[in-house]
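Per-entry structural report
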Amino acid sequence: MKNFDRTAVRLILSFGLAWICAGCESRLEAALELAGENRPELEAVLQHYSTDKADSLKYRAARFLIENLPLHYGYAGKGLEDFKCDYDSLFCDKDIPRQVLRGRAKNYNPDFTNVHPAFDLPELSRDFLIRHIDNAFATLDYPWTKGLPFGDFCEYVLPYRIENELAEDWMPHYRDFLAEIIRPLQQSGADRYTAARTMDYEVIDESVMRVALRPSDYLRAAGGACPEITSLMWYALRSVGLPVNYDYIIQWANRSQSHSWNSLWVDSVLYSFGMSDLELGKHFESRPQERFGKVYRKMFSFQPQSLPNQRGALAEGIPPAFRSPFIKDVSESYFDGIDLVLKLTIPIAAPKKFAYLVVFDNRNWVPVAWSRIKRGRVAFD
């Protein structure tokens, strides 16, 4: 699927620079223009919320989604359909022993040659977007959403996707799943911290999702490693109005492997957590030996400082970890870092515009940060 991701990067370059420089009206118009034959569907969503003043916030929410629709996509094709069938038969039996699941995951090699990207802009219907917006606004009835700024609601509750999963009306699935937990919390008027702390769901620690399927598929999985667990909690908590983040590192700074987890702001305090944690906000206390290097967050809105939006980046080639225009550097929320300025002293065979800060994972050098080269120097913030 790497070729499809490169196609997306090319679209990012053509669309992104114009989008950033445009005003609000131009951004909306740019998205509608790129929608092509699907433009009437998106305009119908805006029209739906523009007739009643009581829907003014929903209209603004619809604009937020539509303005950021370009470059969001899922996967489609026969290879994905085959994986759906394999997923159901191999990875959704919660009664199988742990070692059996791990054996299945280790030995399973799906064929994704017949998979292609399905971009949201020309595909999403008015019905899907209206249902999702209404479902997202229904979360504002929960007591722990009181005081949530509208901008935070749009970025951290409203989005219908994390990354490249299939678009689905997932909020009702997760609210039904959490109903017994949520009901007493709602009746007691629980605050944001209490509501988040109460969530719990047990899965076997094994990666089974070779490519993201529907959000509801995570509920059926017999196992899940960090990405699956983080995604499941992202869906679950956002389905009830908790503005939870998907944070991750590309690579530990002092050992192999990547890692992902959830985080939540409560009264200016960022609580990081994973599904199996004993206490909210204590995710890293049990691993004091770990070193971050860099921390990123998956966002829905287009990030102007993303590498694909920098002139010359596409032509030079972008490492896979930085191809998304929707990731944000949030390292400063986790540690007091330094601004690292270096002079390049080793001659480069061909002129380069960008350099990378890398860490060693016991096998390869893995890029975890980038910098534009200026006068033979690089600066990593």
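Fair warning: this is a prediction, and the values are worked out from it, not measured in the lab.

Cut-off values and rules
Sequence order sets the numbering: in each chain, residues are counted from 1 along the sequence as written. A pLDDT threshold of at least 70 governs which residues receive local features in this predicted model, and a stricter bar of 80 or more applies before side-chain atom pairs are shown or counted, although totals over entire chains, interfaces and linings include all residues. As a rule here, side-chain values cover all heavy atoms of the structure and leave hydrogens and water aside. Numbering of helices and strands runs from the N terminus, with a helix taken as a DSSP run of H or I at least four residues long and a strand as a DSSP run of E at least two residues long. Note that the radius of gyration is over C-alpha atoms, with the globule rule given as 2.2 Å times the number of residues to the power 0.38. Categorising residues by exposure relies on relative accessible area from a 1.4 Å probe, with only protein chains included: less than 20% of the type maximum marks a residue as buried, more than 50% marks it as exposed, and the intermediate range marks it as partly exposed. Computed with a 1.4 Å probe, the accessible areas rest on the Shrake-Rupley method; for each residue, only the protein chains presented here act as cover. Residues scored as charged are limited to Lys and Arg (positive) and Asp and Glu (negative), so that His and the chain ends carry no count. Charged groups are reduced to one reference atom each: NZ for lysine, CZ for arginine, CG for aspartic acid, CD for glutamic acid. Given the number of residues in a helix, its expected span is that number minus one, multiplied by 1.5 Å. Directions drawn from the helix axis to the C-beta atoms are what define this arc. Contacts: residue pairs with any heavy atoms within 4.5 Å of one another. Both site types are read off a 1 Å grid over the protein atoms alone. A 1.4 Å probe that fits but cannot get out defines a cavity, while an open set with protein on both sides within 12 Å along at least five of seven lines defines a pocket; lining residues have an atom within 4 Å of a point. Grid points are joined across faces, edges and corners, and a volume is the space filled by probe spheres set on the points. Note on residue classes: Ala, Val, Leu, Ile, Met, Phe, Trp, Tyr, Cys and Pro are nonpolar, Asp, Glu, Lys and Arg are charged, and everything else, Gly too, is polar. Each reported salt bridge corresponds to a side-chain nitrogen of Lys or Arg within 4 Å of a carboxyl oxygen of Asp or Glu. In this scheme Phe, Tyr and Trp rings, the latter by its six-membered ring, pair at centre separations within 6.5 Å, and the angle between planes marks the pair as stacked below 30 degrees, edge-to-face above 60, and tilted otherwise. Any Lys NZ or Arg CZ found within 6 Å of a ring centre and within 35 degrees of that ring's normal is scored as a charge over the ring. Each pair of strands is called paired provided DSSP finds at least two bridges between the two strands. Buried residues of nine kinds, namely Ala, Val, Leu, Ile, Met, Phe, Trp, Tyr and Cys, make up a nonpolar core once their side-chain atoms join them within 4.5 Å. As used in this structure description, the phrase polar contact means that two N or O atoms lie within 3.5 Å; if the pair is within protein, one of them must be able to donate a hydrogen and the other to accept it, and residues adjacent in sequence are counted only when both atoms belong to side chains.

**A closer look at the overall build of the protein**
When helices and strands are counted, the protein shows 14 helices and 11 strands. Relative to its length of 381 residues, the protein is compact, with a C-alpha radius of gyration of 21 Å against a globular reference of 21 Å. C-alpha extents for the protein along the principal axes are approximately 65 × 50 × 45 Å. Looking at the protein residue by residue over its 381 residues, the buried ones come to 50%. Surface exposure of the protein reaches about 19000 Å², of which carbon and sulfur atoms provide 50%. Side-chain charges of the protein comprise 46 positive and 50 negative groups, with the mean position of each set lying 7 Å from the other.

**Overview of helix 5 (residues 78-91)**
Since the α-helix turns once every 3.6 residues, residues separated by three or four places project in the same direction. With 14 residues, helix 5 extends 19 Å from end C-alpha to end C-alpha; this agrees with the ideal 20 Å at 1.5 Å per step. Those residues of helix 5 not exposed but buried are Gly79, Leu80, Phe83, Lys84, Tyr87 and Phe91. Down the axis of helix 5, the buried set is contained in an arc of 145°. They therefore lie on one face. Turned more than 90 degrees from where helix 5 packs its buried face, Lys78, Cys85 and Ser89 sit exposed. Tucked into the core, helix 5 has its buried residues touching strand 1 (73-76), helix 6 (98-107) and helix 12 (217-220).

**Remarks on the layout of surface pockets**
Empty space within the second largest pocket amounts to approximately 670 Å³. Every residue lining the second largest pocket is counted, 24 residues in all, and those nearest its centre are Gln305, Asp329, Trp370, Ala379 and Asp381. Taken together, the elements giving at least two residues each to the lining of the second largest pocket come down to strand 7 (327-329), strand 10 (365-372) and strand 11 (377-380). The residue inventory of the lining of the second largest pocket, partitioned by class, reads 11 nonpolar, six polar and seven charged.

**Side note on unusual backbone geometry**
One non-glycine residue, Gln257, lies in positive phi territory at about 85°. Tracing the chain through its elements places Gln257 in the loop between strand 3 (245-249) and strand 4 (259-266). Unusually for a residue other than glycine, Arg375 sits at a positive phi of about 55°. Its place among the elements puts Arg375 in the loop between strand 10 and strand 11.

**Observations regarding the pattern of salt bridges**
Tallied over the entire structure, the rule returns 19 salt bridges. Residue Glu29 is joined to Arg39 by a salt bridge in which the shortest nitrogen-to-oxygen separation is 3.0 Å. Note that Glu29 is positioned in helix 2 (residues 24-34) and Arg39 in helix 3 (residues 39-48), a separation of 10 residues in sequence. Of the charged contacts, one joins Glu41 and Arg126 as a salt bridge, the two residues approaching to 2.9 Å between their closest N and O atoms. Here Arg126 lies in helix 7 (residues 126-138) and Glu41 lies in helix 3, a separation of 85 residues in the sequence.

**Overview of the environment of Glu29**
Judged by its relative accessible area of 36%, Glu29 falls in the partly exposed class. Here the alpha-carbon distance between Glu29 and Lys328, two residues 299 residues apart in the chain, equals 25 Å.

**Focus: the packing of aromatic side chains**
Summed over the entire model, instances satisfying the criterion amount to 35 aromatic pairs. Measuring from ring centre to ring centre gives 6.0 Å for Phe83 and Tyr108, while their planes differ by 25°; the resulting arrangement is stacked. Of the two residues, Phe83 sits in helix 5 while Tyr108 sits in the loop between helix 6 and strand 2 (116-119), which places them 25 residues apart along the sequence. Its relative accessible area of 1% is what places Phe83 among the buried residues. For Tyr108, a relative accessible area of 11% translates into the label buried. An aromatic cluster is present here, built from Trp252, Trp261, Phe284, Phe292, Tyr334 and Phe335 joined pairwise through their rings. Sitting above the plane of the Tyr246 ring, Lys298 keeps its charged end 4.1 Å from the centroid. Looking at Lys298, its charged tip hangs above the ring of Tyr248, at a distance of 5.7 Å from the centre.

**Thoughts on the pairing of strand 5 (residues 269-273)**
As judged from the five bridges shared by strand 4 and strand 5, these two strands associate in the antiparallel manner. When the bridges of strand 5 are listed, Trp265 appears paired with Leu270. In textbook terms, the turn of a hairpin is the stretch between consecutive antiparallel strands, and for strand 4 and strand 5 this stretch comprises two residues, one of which, Asp267, has a positive phi near 50°.

**Here we look at the nonpolar core**
Residues Tyr87, Trp144, Leu158 and Leu237 are the most contacted members of the largest nonpolar core, which totals 100 residues. Sorting elements by how many residues they give to this core places helix 13 (residues 226-238) first, with seven residues. Discounting residues that sit within four places of it in the chain, Leu158 has contacts with Ala61, Phe64, Leu65, His132, Ile133, Ala136 and Phe153. Ranked by size, the runner-up nonpolar core spans nine residues in total, among them Ile249, Trp252, Val295 and Val330.

**Some words on the side chain of His283**
With respect to the helices and strands, His283 occurs in the loop between strand 5 and strand 6 (296-298). A polar contact of 2.9 Å, which involves the side chain of His283, links it to the side chain of His259. Side-chain polar atoms of His283 contact the backbone nitrogen of Gly274, separated by 3.4 Å.

**Some points on the pairing of strand 9 (residues 354-360)**
When strand 9 meets strand 10, the two strands line up antiparallel, connected through seven bridges. Each bridged residue has a counterpart across the sheet, and for Leu357 the counterpart in strand 10 is Ala369. Joining the antiparallel neighbours strand 9 and strand 10 is a turn of four residues, in which Asn362 adopts a positive phi near 80°.

Nothing here speaks to function; it is all geometry.
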